[in-house]
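Coordinate analysis (summary)
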Amino acid sequence: MNAALLLLVCLLALDLAKSSLLSWLNARYMTHPVPSVVADVYDAGEYARQQAYEKTNSRVGRISRLFDFCVALALLLTGAFGWYWGKCVGWLGSGYAAMSCFVATLCVATSLLDAPFSYYSTFVIEERFGFNRSTRRRFVADAVKSTALSMVLTIGLTDLLYCIYSCVGSGLWLWGTVACAAVMTFFTLFYSNLIVPLFNKQTPLPAGELRTAIEAAAASVNFNISNIYVIDGSKRSTKANAYFTGFGAKKRIVLYDTLADQLATRQIVATLMHEVGHYRHHDIVKSLAASIAQVAVYLYLFSLVLSSPAFSVALGYDGWSFILSLVAFGLLISPLDAVLSPVFNSYSRRCERTADAFAVRAGYGPDLVAGLKKLSAQSLSNLTPHPWVVWFEYSHPALAQRITAINSEINKTNK
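Residues numbered from 1 in each chain as written. Predicted model: local features only at pLDDT ≥ 70, side-chain atom pairs only at ≥ 80, totals over all residues. Heavy atoms only, no water.

With glycine set apart, most residues show a phi of negative sign, and most peptide bonds adopt trans. You will see that N222, though not glycine, has its phi angle at about 55°, which is positive. Along the chain, the position of N222 falls in the loop between α7 (209–220) and β2 (228–231). N222 sits in the exposed class, given a relative accessible area of 69%. Phi angles above zero are rare outside glycine, and H282 is one such case at about 60°. The residue H282 is located in the loop between α9 (265–280) and α10 (283–306) in this model. Judged by its relative accessible area of 52%, H282 falls in the exposed class. (Helix = DSSP H or I, 4+ residues; strand = E, 2+ residues; numbered from the N terminus. Buried < 20%, exposed > 50% of the residue type's maximum accessible area, 1.4 Å probe, protein only.)

The next subject is the confidence of the model for the protein. With 100% of its residues at a pLDDT of 70 or more, the protein shows a mean pLDDT of 92. Mean pLDDT across the elements of the protein bottoms out in strand β3 (residues 242–245) (80) and peaks in helix α4 (residues 96–128) (96). (pLDDT = per-residue confidence, 0-100.)

Another aspect to go through is the pattern of salt bridges. Under the criterion given, the structure shown has 11 salt bridges. With its nearest N and O atoms 3.0 Å apart, the salt bridge here joins K373 to D40. Note that K373 is positioned in helix α12 (residues 322–378) and D40 in the loop between α1 (3–29) and α2 (44–78), a separation of 333 residues in sequence. The class of K373 is buried, set by a relative accessible area of 17%. Two residues, D367 and R266, come together in a salt bridge whose shortest N-O distance is 3.0 Å. Of this pair, D367 sits in helix α12 while R266 sits in helix α9, placing them 101 residues apart in sequence. Overall, D367 belongs to the buried group, its relative accessible area being 17%. (Salt bridge = Lys/Arg side-chain N within 4 Å of Asp/Glu carboxyl O.)

As a further point, take the layout of surface pockets. Empty space among the atoms becomes visible once a probe the size of a water molecule is rolled across them. Quantified by volume, the second largest pocket comes out at close to 680 Å³. Taken together, 26 residues make up the lining of the second largest pocket; nearest its centre are T122, D142, S146, F199 and R236. Those elements giving two or more residues to the lining of the second largest pocket turn out to be α4 and α5 (136–168). Ranked by the residues each element gives to the lining of the second largest pocket, the list is headed by α4, at 7 residues. The residue makeup of the lining of the second largest pocket, split by class, is 11 nonpolar, 11 polar and 4 charged. (1 Å grid on protein atoms, 1.4 Å probe; cavity = no way out; pocket = protein on both sides within 12 Å on 5 of 7 lines; lining within 4 Å. Points joined across faces, edges and corners; volume = space filled by probe spheres on them. Nonpolar A, V, L, I, M, F, W, Y, C, P; charged D, E, K, R; others polar.)

Moving on to α12. Here α12 spans only 47 Å end to end across 57 residues, well under the 84 Å set by a 1.5 Å rise per residue. Measuring from the side-chain oxygen of the N-cap residue of α12 to the backbone nitrogen of I323 gives 3.4 Å; that N-cap residue is S321. One or two residues past the end of α12 sits L380, with phi positive at roughly 55°. (Expected span 1.5 Å × (residues − 1). Polar contact = N/O pair within 3.5 Å; in protein donor to acceptor, adjacent residues only side chain to side chain.)

Structural data, given as structure tokens:
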């Protein structure tokens, strides 16, 4: 066991400890009194159901994380990564073909290891609490498509980084960031056109009361939007959502078809005005820039890992390897996220608050509050998350905090 292997094992253990601590704190905090501002979200029976849902997901999450840790630990201590990379080199040489074979195997293995937990979550937990609408055939099809997509994208990105490293060496972090920024921008613009159709059908929102109301609300804030689509989320779950994707001429509003079943027209419009607020504040572009900055940090740290063969040796290989250095860095990402994620999540929560304020100023404050409460009740959201869990893991403010801020903005607007 060299120092690099010891570092990997210790950091993985610390990450498991952090996740376990947050899960324990959240479970203890469930007995905390529900804030008065959201006291009307559940009645007594539904709140008991929500508590059961939260406890079940928390328990399965802890088991899943422990399982992942044990698998990673076993692979590290047995040198399985290095052994298999040696086999790939023996079969295909040490170039792109061997790396592609190695990455493809990792993608398939990861998918297979995750499948039992995903299946249990979908067909036991979500089924028990009335959310699941997926079929086993669709579940398998989704898993195959997700694995294939992950394989293609991961192989492509790995080969791209290796090509850049072969050309510029230590300049990988800079030119790799430029290349990743181009890829990320491309998928931000074309995600709905290229990726979503692999899993869901999107259709333009037909003429009628809802489309008229959305277009009138957008016109009232001088926002031009013609690309309004409905996605068939109901074929997998009863949970509802709406999101804004792309920017410029490629901007698009996407509504889950379950949204209309759960919210009144003005509440749906209020939800979309929140999304318009994101666009008006350039949050999509800012989030993209923040993600690119995060990639730059990661690639710089990866270049440090690349500079030493110790990490490849730690994974069981006799010498330096680009792909094993990348795997070692991948094992380090979770501990690194413990440092970086709270920063980005804090920024994301601030963006959510400003988008809410935009919807309030557009005249949809009470409707937004009512809509958020309905969606939270329908999805059995936790009303009392522990503050540390919010800090580390929540990209949106907790519901009570969010509604308190909206009500404050309503009071300011009405003065």
